[in-house]
Structure formats: structure tokens, C-alpha cells
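Secondary and tertiary structure notes
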Amino acid sequence: MVYAIIIHQVRPENSAILYHRHFAQEPMDNSSSRDNIIDIQKDQLKHVANAVQSEYVFRKAASGRSAESDFIKLNNEEVLPEFELGFIRLASNRPFLSEKVCFWLAAANCCFSLVLEKYENRAAAENVLKMIIKHLQESMKLLNNPMDALLKLDRIEIIVDKYLPGGQLLCMNNRVVRQFEKELDTIFKH
């Protein structure tokens, strides 16, 4: 099960969450109010985004690759840049009650993260996340202008719902992917 998806910026100076969605809720005590639960979830996702941002910035500095090369590739060739891929183990109570894993893909200072249960299929998570990124880039050029995520939440929701129904990772073959692509094309043409 996917616990949450996060789209956030990963700049050296800060990490800003542009979009997030929880698919599951951790058990809370009955005295917690809805507002308190929402605040706890936001803090958890901020913790994850900061951990990913820290690792991404370190990797970028170590590799010598720059975000500018990603932007040039996006603008000139309209080809997706090479994504930095990573996993972060999130120990129990840091920030979630149970152990989880964060799988992330980042390029051009934009990161897409899935918070997963530790037993989830990471290859399926990578495949699903790449399909989501592909469709977000095709429909709204999200990597070129990540702040568009704030303006086009409906498109993001439609794509996320298609590839992560109820937070379930789908094992997809080419036929399923083509069917999803046709359905999304139909939705976005109207």
C-alpha cells in the first residue's frame, strides 16, 4: 500500500511541497481532532520532503550534474531528463508510527516521492511513479514549471487516481498502460 504521494521542489536552499495526497491514515488516539491529525500528517510529509531534498542536493553536488542541464534538455529536446532515483528508510516513530520506505525520482529541482509500506514492490513503485511523471509532463509540463502543480490540482488528481487507485500499486502490462493512456487522453480532451 502507498501511504502518500508527494510532489515537491528540491532546491539547495529549501524544499516546498507542491502537492500531496494521503491514501491511508496511521492509527491515532481517539482524543486527536481532525485538525490535529492533518497537522501531524503535514509534519510527517515535510519531514520526508526535507530528507529527500537533503539526499538529492548531496547527490547533485557529488555528481557534478546541474539542474540547468535538465532544464536545457526539457526545453530543447522535449525529452524527459535523466532522473535521480533514491530510497530512504523511514524508521518507526521517525516520522511515522510504523517503518516505511520513501521511493523518489527527481530531476530539474522537482521531486516525486511515494511513501510506501516497507514490504511493497519497489519495482512496481518505480514503474507507477514513472508513468505518473510521464503523464504530468505531457499534460501540463510540470517539470518545466513545478509551480503549475498549485494551479492544476485537478489534472494531478485524475492522473494519480488512474495509476494509484486507493493507494494500491498496480502491476501493469503494456495493454493496461495503453488503456490508461487512452482514458486520460479522452478525459483531457474534454
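Preceding this section is the structure that the text describes.
Bear in mind that the values here come from a model prediction, so they are computed numbers and not experimental data.

The rules behind the values
Residues numbered from 1 in each chain as written. Predicted model: local features only at pLDDT ≥ 70, side-chain atom pairs only at ≥ 80, totals over all residues. Heavy atoms only, no water. Helix = DSSP H or I, 4+ residues; strand = E, 2+ residues; numbered from the N terminus. Buried < 20%, exposed > 50% of the residue type's maximum accessible area, 1.4 Å probe, protein only. Contact = heavy atoms within 4.5 Å. Areas by Shrake-Rupley, 256 points an atom, 1.4 Å probe, with all protein chains shown as cover. Lys, Arg positive; Asp, Glu negative; His and termini not counted. Charge placed at Lys NZ, Arg CZ, Asp CG, Glu CD. Pairing = 2+ DSSP bridges.

**Some remarks on the overall build of the chain**
Within the chain one finds five helices and five strands. The N-to-C order of helical and strand elements in the chain reads β-β-α-α-β-β-β-α-α-α. Once the C-alpha set of the chain is aligned to its principal axes, its extents read approximately 55 × 40 × 30 Å. Looking at the chain as a whole, 44% of its 190 residues qualify as buried. The long-range fraction of contacts in the chain, counting pairs at least 24 apart against all pairs at least 6 apart in sequence, stands at 57%. When the accessible surface of the chain is summed, it comes to about 9900 Å², and 49% of that surface belongs to carbon and sulfur atoms. Charged side chains in the chain number 24 positive and 25 negative. The centres of these two groups are separated by 4 Å.

**Focus on the pairing of strand S5 (residues 110-117)**
The two faces of the sheet receive side chains in turn, since in a regular strand these alternate between them. In terms of burial, S5 is largely enclosed, as eight of its eight residues are buried. In this structure, strand S4 (residues 100-107) lies alongside S5, joined through eight bridges in antiparallel fashion. Paired with Cys102 across the strands is Val115, a residue of S5. Hairpin connection between S4 and S5: a loop of two residues separates the two successive antiparallel strands, and Ala108 in this loop has a positive phi of roughly 55°.

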